[in-house]
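# A look at the structure
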Amino acid sequence: MKNILSCFLVFIGLSAYAQTDNPKYDKALAESLGGDDYGMKMYVFCILKTGTAKIEDKSKVNELFRGHMENIGRLASEGKLTVAGPLGKNDKNYRGLFIFNVKTIAEAQALLKSDPVVAAGLLEGELYEWYGSAALPEYLKAHEKIEKKKP
């Protein structure tokens, strides 16, 4: 009797962790965003850090960073860059981050090379596979509505 009771308690405990279907699930939206059964997908996460190049010409540095911002805008409009932004000061020389909406590190490396600041060596990127919500790109639509000034 004790074994039956133990098995019953284990079964009840495991069923508490059982997964259930989401009544709000939107199959068409999930598929359009590339989401798996959990609404997640792979991205490539990039940590931008200070590069090894030193450029003394301030106008050249400004020109490269203007190109950096234009490149971010272009990649975002193409749907290849989902998140971009600077980091606060830190002791690791980390400067910013990107989350690329691509499946492989090789694809992200090619996109990273299109950035003038990276190409000039002022910044360099460390790339990692990252599993996150497939809905992440959807926030960009809301951002367009709250962005008062364009960079």
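Worth saying up front: this structure is predicted, and the values here are computed from it rather than measured.

## Quick word on helix α3 (residues 58-77)
Counted at 1.5 Å a residue, the expected span for α3 with its 20 residues is 28 Å, and the 29 Å between its end C-alpha atoms agrees. All of the buried residues along α3 are Val61, Leu64, Gly67, His68, Asn71, Ile72 and Leu75. Seen from one end, α3 has its buried residues packed into an arc of 145°, which puts them on one side. Those residues of α3 that are exposed and angled more than 90 degrees off the buried face are Lys58, Arg66, Glu70 and Ser77. At its buried positions, α3 is contacted by β1 (40-50), β2 (81-86), β3 (94-100), α4 (105-113), α5 (116-119) and β4 (123-133). Among the residues trailing α3, Gly79 stands out with phi positive, at a value near 80°.

## Thoughts on the environment of Ile55
Mapped onto the fold, Ile55 is located in the loop between β1 and α3. Owing to a relative accessible area of 29%, Ile55 belongs among the partly exposed residues under this scheme. Ile55 sits 67 residues away from Leu122 along the chain, and the two C-alpha atoms are 7.9 Å apart. In contact with Ile55, not counting residues within four places along its chain, are Lys60, Val61, Leu64, Ala120 and Leu122.

Cut-off values and rules
Residues numbered from 1 in each chain as written. Predicted model: local features only at pLDDT ≥ 70, side-chain atom pairs only at ≥ 80, totals over all residues. Heavy atoms only, no water. Helix = DSSP H or I, 4+ residues; strand = E, 2+ residues; numbered from the N terminus. Expected span 1.5 Å × (residues − 1). Buried < 20%, exposed > 50% of the residue type's maximum accessible area, 1.4 Å probe, protein only. Arc of directions from axis to C-beta. Contact = heavy atoms within 4.5 Å.

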